[in-house]
Amino acid sequence: MAARPQSDVDKRKQISIRGIAPVENVVEIKKTFNRHLHYTVVKDRNVSTPRDYYHALAHTVRDHLVGRWIRTQQHYYEQDPKRVYYLSLEYYMGRTLSNTMVNLGIQSACDEAMYQLGLDIEELEEIEEDAGLGNGGLGRLAACFLDSMATLGLAAYGYGIRYDYGIFTQKFENGWQVEEPDEWLRYGNPWEKSRPEYVLPINFYGRVVESNGAKQWVDTTVVFGMPFDSPIPGYGNNTVNTMRLWAAKAPNSFNLKFFNNGSYINAVCDRNEAENISRVLYPNDNMFEGKELRLKQEYFLVAATLQDIIRRFKSSKFGSRDPVRTSFESFPDKVAIQLNDTHPALAIPELLRILVDIEHVPWEKAWPICVNTCAYTNHTVLPEALERWPVSLMGNLLPRHLEIIYLINHNFMQEVAQRFPGDADRMRRMSLVEEFGEKKINMAHLAIVGSHAINGVAAIHSNIIKNDTFKDFYDMFPERFQNKTNGITPRRWLLLCNPGLSDVIAEKIGETWATDLYELAQLKQFVDEDSYLNKIMKVKQENKMKLAEYILKEYNVTVNPASIFDIQVKRIHEYKRQLMNCLHMILLYNRLKRDPNMAFVPRTIMIGGKAAPGYHTAKLIIKLITSVAKVVNNDPIIGDRLKIIYLENYRVSLAEKIIPAADLSEQISTAGTEASGTGNMKFMLNGALTIGTLDGANVEMTEEMGAENIFIFGMEVDEVEQTKKEGYNSRQYYESNPDLKQIIDQVSSGYFSPGEPHLFQELVDILLNHDRFLLLKDFESYVKCQDKVSETYLDQTKWSKMCLLNIASSGKFSSDRTISEYAKDIWGVTPNELKLPAPHQSLDEMMAQANAAAKKA
């Protein structure tokens, strides 16, 4: 078949970054695809399903990874650099196929090959299940970080848990969220490679005995950790790093008591309890305390990972030749461990246990080794989200670790007493062991004391943890506290998800922005070039049309593509204030009902996100939004001027459709509650304007783009604190604002739930009596700001200039910049700018090509 005419390539524009696929590459991909269909999938074209074709394509693409993957690991062994280990209980990876093709530069060749075989590559991409091993921002950040670490050439490894079931699939029944299991592994995962040769034992329960002055943890229950490796390709540099996820496996030996009693079936079934450890991701990232399975997961991750890290440290190239090199005093010079929130904080007592109990390193030496190796990232200041584990639970499950934590605390309390003599209250506040009520271990305190660096994830957040949340610790260790503002990978969040915009950008400034996002600043010079602004807005309109088609297909609702696409997508939580957005929907509805002929800028308001299954208030907020949508969308007076869509089962692959089409991004959390946010950055990069408070990264976004290019409303952090100190009475705002009173009265009276008039009374009570996140105080400011949004949207020239300036100001928010700062300031490693040779090249050939290119340049 001849190559596809350029005019037919409307889905994947192939200028600039993706390029026209060389014929020989297309031929090779077709041949490999057919080989995998035959030998891997074991089908022929007569009986193959679309899923079979997806698996054949995935294995074809993986073939391009394997040589690079092996060569990368060989390179690390030869060079023996300091290695970075990123420990996270969550990785929200999404789909792998498209991302891999983009990073390897084979997207257009695969596209053309599938076309010549009569297949649509976009349809095959849609078949892949999202790897949803995370709840939201924390897990997605970890995924972006892995992409950046590989792109920067760092010798880095991501460690996590291979959950059988990821974040639940969200369905709706009568407007209520219903959770279904996420069987993402149902059809297999072509991207992973099991490594049974590296299976490791993990101990639980038991008791501690002392022998000859040494402690031993005995009579334990053993579970095995089986590693599954997935390749993480860097962008265009032939580097492929590894994400290693652990699955829990029962020991091979049967329970002899059952076996000897003839209860063979019981002996086999007894294995399930062990393997439950990696069965399911906990579906919210708050309020885990007291759940033994969760604590088991946290220890399972760190115990398996630390054994693996120490094995690699001992088996480094020069280890056997130079014993000094493998003495544990050099451990922090070769190993950096980053704790992604407190979830892996047990790495601190576990590393100490290994050093002291197993490697016989004296405590006086083991402690500084631990502190100089570990670093801790804090992701939240909400009190309920800071982990605390009951001493009784930890003592039963991990008795030796509880002893070690007590010893850490004893030594630390002596330090505090020496530094702040006579300050008993300070000692109480800083103790790792909380004594009031049920005794608990404060995991954030453990992470701070046992780490050499503690960072927040946005400037405002880092200031809050220094000046408020962990002020006592900052007073004692000011040198440990840092800020590392979050970032997103521009490969997935622009190059992959918005190829039209990527091409319009590359047309003006070239392609280097994909690895240096600051290059986008060059676009500012075109802010008065009408023809270029029109191109950007044309891409936006095409993306909106595509999303409108998706909404019609999925929800049978016709939306107006000329309306403002007003989008809020994130976990459903009271502090994120989806409820305020809902009150604004009702306000717009009431305005149109009062005066159907009024001048009104059409809006399509979309909300997406999952509520934790046990979070009743969040689920009730979802029900209110879907109830309001039902009324609004079926009112003939309203027509297409206002539509409300709840985006079911929000996930990474859906975000890739939504974000490029957004006009307005809602980032409306109460100031001081959102650590950073990364959704705000994704929308900004794709040319959506933000309405938000000065919270999280919104503050730095405003600094980068200028206050005139973002819609800021509401209180700032100091005003929030002052309001709380003075005594906040939300009822006064209800009584003094007629529009707000009408809205709340409608919700209270059952206007949106006529069959159950008191259904939403609980939400009304929260607003009027327990408005913890000051929603009613900020509401009037929010409405005025939304009116300004509508007014600005009418001036399309002004709006398009703001869009361009948002895109052009996104440079700071690349995860490449974030990781470069971690590397320099925390891990003590240097990004490798040398591009590794491709599998068919020798290092000498690659260097010769690089030198020739440099001379030519």
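Reading the values: rules and limits
- Residues numbered from 1 in each chain as written.
- Predicted model: local features only at pLDDT ≥ 70, side-chain atom pairs only at ≥ 80, totals over all residues.
- Heavy atoms only, no water.
- UniProt positions renumbered as here; feature names shortened; annotations may be inferred.
- Helix = DSSP H or I, 4+ residues; strand = E, 2+ residues; numbered from the N terminus.
- Rg over C-alpha atoms; globule rule 2.2 N^0.38 Å.
- Buried < 20%, exposed > 50% of the residue type's maximum accessible area, 1.4 Å probe, protein only.
- Contact = heavy atoms within 4.5 Å.
- Areas by Shrake-Rupley, 256 points an atom, 1.4 Å probe, with all protein chains shown as cover.
- Lys, Arg positive; Asp, Glu negative; His and termini not counted.
- Charge placed at Lys NZ, Arg CZ, Asp CG, Glu CD.
- Salt bridge = Lys/Arg side-chain N within 4 Å of Asp/Glu carboxyl O.
- Pairing = 2+ DSSP bridges.

Per an unreviewed UniProt entry, the chain goes by Alpha-1,4 glucan phosphorylase and derives from Mizuhopecten yessoensis. The record held by UniProt for the chain lists under Sequence similarities (unreviewed entry) the comment "Belongs to the glycogen phosphorylase family." In its Function (unreviewed entry) section, the UniProt record describing the chain reads: "Allosteric enzyme that catalyzes the rate-limiting step in glycogen catabolism, the phosphorolytic cleavage of glycogen to produce glucose-1-phosphate, and plays a central role in maintaining cellular and organismal glucose homeostasis."

(A) Structural context of the overall build of the chain. The secondary structure content of the chain amounts to 36 helices and 25 strands. Relative to a compact globule of 857 residues, whose C-alpha radius of gyration would be 29 Å, the chain shows 28 Å and is just as compact. Dimensions of the chain, computed from C-alpha atoms along their principal axes, come out at roughly 90 × 75 × 65 Å. Within the chain, buried positions represent 60% of all 857 residues. Contacts spanning at least 24 positions in sequence make up 77% of the contacts within the chain whose residues lie at least 6 apart. On the chain, roughly 33,400 Å² of surface is accessible, and the fraction owed to carbon and sulfur atoms is 51%. Of the charged side chains in the chain, 97 are positive and 110 negative, and the gap between their average positions amounts to 3 Å.

(B) Representation of the environment of Ile-369. With respect to the secondary-structure elements, Ile-369 resides in helix 14 (residues 363-373). Residue class for Ile-369 comes out buried when judged on its relative accessible area of 6%. Separated by 14 residues in the primary sequence, Ile-369 and Leu-355 place their C-alpha atoms 9.1 Å from one another. When neighbours within four sequence positions are excluded, Ile-369 is seen to be in contact with Phe-328, Glu-329, Phe-331, Pro-332, Leu-355 and Val-361.

(C) Fine view of the pattern of salt bridges. One pass over the full model with this rule turns up 55 salt bridges. Between Glu-183 and Arg-186 there is a salt bridge, with the nearest N and O atoms lying 3.9 Å from each other. Looking at Glu-183, the relative accessible area reads 34%, which means it is partly exposed. Residue classification places Arg-186 among the partly exposed positions, given a relative accessible area of 49%. The partner of Glu-298 in a salt bridge is Arg-294, with the nearest N and O atoms 3.3 Å apart. One end of the pair, Glu-298, and the other, Arg-294, are both in helix 10 (residues 292-314), four residues apart, so they sit about a helical turn from each other. Overlapping salt bridges bring together Asp-423, Asp-425, Arg-426, Arg-428, Arg-429, Lys-471, Asp-472 and Asp-475 as one network.

(D) Structural view of the pairing of strand 23 (residues 664-667). Because side chains alternate across strand 23, one face comprises the buried residues Leu-664 and Glu-666, and the other comprises Ser-665 and Gln-667, equally buried. In the sheet, strand 20 (residues 564-569) pairs with strand 23 via two bridges, with the strands oriented parallel. Bridging across to strand 23, Asp-566 finds its partner in Leu-664. Two strands pair when backbone bridges link them, and strand 23 and strand 24 (residues 689-692) are joined in this way by four bridges, in the parallel orientation. Paired with Glu-666 across the strands is Ile-691, a residue of strand 24.

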